[in-house]
Amino acid sequence: MTHRIAIAPSGFKESLSAARVAEAIAVGVRRVIPDADLDLIPLVDGGEGTAEALALAGGGRLVPCTATGPVGEPVASHFALLGGGTAPGPLTAVVEMAAVAGLALVPAGLRHPGATTTYGVGELIRAALDSGARRILIGCGDSGTSDGGAGALQALGARLTDRHGRELRPGGGVLHELERVDPSALDPRLARTELLVACNPYNVLCGKRGVARVFGPQKGATPAEVELLSAGLERLADVLTRDLAPAFPPATGAPVDLRTAPGTGASGGLGAGLAAVGARLLPRYDVLLDGLDLDARLARADFVITAEGALDHQTVRGKIPAEVARRAHACGVPVLVLAGTIGPGAQDVRAVGVDAYSSILPAPMTLVEAIGRSGEFLADATERAMRIMALGTRLAPLAA
């Protein structure tokens, strides 16, 4: 009997793309079941690798460019162009914020979210507009910033000033000084362009679960800096609502609550900043999985393997393994999750349909070594899991 196995992982941040993770898992499976029918479905969540993955899936191309990185220095970046030519509909661009403002681009000694900026994201949007795109998908994830999209708005032409009329410095650490946002010089093409932000709807800008409090410490913020960032984002929401709402009324429905609407906290608040200039905030999997026929492919499988770098309490809040498990569970297909590390709250994934999970690390080691050998560890961990499953299959008749 041929075993049909779907391999649907995310990438391992700062280590392996989703495609390479899937390939490593496939190596481990074939060591045990050489004739397995494997369906590799590398998935992206809006973070690292999103532009490349969507370009490959949609027959598009990557456009290299240089833009301002998160610490203010130029970085080599890119965006993707999809469609165009004979394809129906407007030319679509994919801007991956991680490619210009991601945490991986912030040197370890400079991981200070009060100073990092999304200015480069605005530059990529402008470059996409220059390329003729009139539909721009912005992927949020893996950010190294917490400026509420202020930098992106400045790059697009808005002026953010303090009470003395001076332009704000980069970073979320100065947002509490914001007095006014002047939209008069914003790129006029924005009004004729559909902006879609693919984001995690669990992430909100303000409040007890606000983005600064949840993710600020991961980006290097101290407790005092977290409170300063939170206050700044509160101030930003107030001023954006007052100064930009008249210029960018919602196309349909009620105005977006920049403080608490789903997705406003995406990528350090970039979701809120872009929503203020008319972007639609959409659940990322509704956008990013379009065209993959994921549900049908999972339903055809006998077994699903998914993976991510860290399995913990945040996994169930919109991470790829939880989304895969939820969909596979609806089809009655068992799911195994492989993870670089297992953290507090990992057991919560059972509630969304995960049947088993395991770390790929064979022994304690440094982060540098783990990252450098993650492909090897993934293949080995997959082989171990498959051999245990094969043993269980042989013992099942005896138990019966």
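Nothing here was measured: the structure is a model prediction, and the numbers come from that model.

Criteria and cut-off values
- Residues numbered from 1 in each chain as written.
- Predicted model: local features only at pLDDT ≥ 70, side-chain atom pairs only at ≥ 80, totals over all residues.
- Heavy atoms only, no water.
- Buried < 20%, exposed > 50% of the residue type's maximum accessible area, 1.4 Å probe, protein only.
- Helix = DSSP H or I, 4+ residues; strand = E, 2+ residues; numbered from the N terminus.
- Pairing = 2+ DSSP bridges.
- Axes fitted to C-alpha atoms, helices over the stretch in contact; angles between N-to-C directions.
- Contact = heavy atoms within 4.5 Å.
- Core = buried A, V, L, I, M, F, W, Y, C linked by side-chain atoms within 4.5 Å.
- Salt bridge = Lys/Arg side-chain N within 4 Å of Asp/Glu carboxyl O.
- Polar contact = N/O pair within 3.5 Å; in protein donor to acceptor, adjacent residues only side chain to side chain.
- Expected span 1.5 Å × (residues − 1).

## Here we look at the pairing of strand 6 (residues 135-139)
Thinking step 1. Across the 5 residues that make up strand 6, a large majority, 4, are buried.
Thinking step 2. Judged from the 5 bridges that link them, strand 5 (residues 92-96) and strand 6 form a sheet pairing that is parallel. Bridging across to strand 6, A93 finds its partner in I136.
Thinking step 3. The pairing of strand 6 with strand 9 (residues 194-199) spans 5 bridges and is classified as parallel. Looking at the pairing, L137 lines up with L196 of strand 9.

## A few points about the sheet that holds strand 11 (residues 303-311)
Thinking step 1. Taking strand neighbours across the sheet as the criterion, the 5 strands line up as 2-1-11-12-13 in an open arrangement whose pairing is parallel. One side of each edge strand has no neighbouring strand; the edge strands of this open sheet are strand 2 (37-40) and strand 13 (356-359). Ignoring which end each strand starts from, the neighbouring axes of this sheet average 20 degrees apart.
Thinking step 2. Where strand 11 meets strand 12 (residues 335-342), 7 bridges bridge the pair, whose relative direction is parallel. Bridge pairing in strand 12 places I305 opposite L336.
Thinking step 3. Contacting strand 1 (4-7), strand 2, strand 11 and strand 12, helix 1 (residues 18-32) runs over the sheet at an angle of about 170 degrees to strand 2.
Thinking step 4. Relative to strand 11, helix 11 (residues 320-330) is tilted by about 160 degrees, and along the sheet it contacts strand 11 and strand 12.

## Observations regarding the environment of I305
Thinking step 1. Within the secondary structure, I305 is located in strand 11.
Thinking step 2. Considered as a pair, I305 and G268 are 37 residues apart in the sequence and their alpha carbons are 30 Å apart.
Thinking step 3. The contacts of I305, once residues within four sequence positions are left out, are I5, A6, I7, A8, P9, I25, V29, L336, L338, T382 and M386.

## Here we look at the nonpolar core
Thinking step 1. Formed by 64 residues in total, the largest nonpolar core has its most connected members in F79, V121, I125, I136, I138 and L160.
Thinking step 2. In terms of residues, this core owes the most to one element, helix 7 (residues 223-244), which gives 8 residues.
Thinking step 3. Aside from chain neighbours lying at most four places away, what touches I138 is V95, I125, L195, L196, V197, A198, L270 and L274.
Thinking step 4. Of all hydrophobic cores here, the second largest spans 24 residues; its members include I25, V29, I360 and F377.

## A word on the pattern of salt bridges
Thinking step 1. This model, assessed by the stated rule, comprises 24 salt bridges.
Thinking step 2. Close ionic contact of E194 with R280 constitutes a salt bridge, the shortest N to O distance being 3.2 Å. Within this pair, whereas E194 is found in strand 9, its partner R280 is found in strand 10 (residues 280-283), the two being separated by 86 residues in sequence.
Thinking step 3. With a closest N to O distance of 2.7 Å, R326 and E323 form a salt bridge. One end of the pair is R326 and the other is E323, both in helix 11 and 3 residues apart, which spans about a single turn.
Thinking step 4. Exposure remark for E323: the relative accessible area of 14% places this residue in the buried category.
Thinking step 5. Among the charged side chains, a salt-bridge network with shared partners connects R31, D380, E383 and R387.

## Some words on the side chain of T50
Thinking step 1. Within the secondary structure, T50 sits in helix 2 (residues 50-57).
Thinking step 2. Reaching out from T50, the side chain makes a polar contact with the backbone oxygen of G47 at a distance of 2.8 Å.
Thinking step 3. Non-local contacts of T50, meaning those with residues more than four positions away in its chain, are made with V44, D45, V94, E96 and L288.

## Here we look at helix 1
Thinking step 1. Helix length check: helix 1, at 15 residues, gives a terminal C-alpha distance of 22 Å against a target of 21 Å (1.5 Å per residue), a fit within 8%.
Thinking step 2. Along helix 1, the residues that are buried comprise A18, V21, A22, A24, I25, A26, G28 and V29.

## So, the sheet that holds strand 10
Thinking step 1. Spatial strand order, 3-4-5-6-9-10: 6 strands in an open sheet with mixed pairing. The open sheet has two edge strands with one neighbour each: strand 3 (61-68) and strand 10. This sheet shows a mean twist of 30 degrees between the axes of neighbouring strands, independent of strand direction.
Thinking step 2. Across the face of the sheet, helix 4 (residues 119-130) comes into contact with strand 3, strand 4 (74-82), strand 5 and strand 6 while running at roughly 135 degrees to strand 3.

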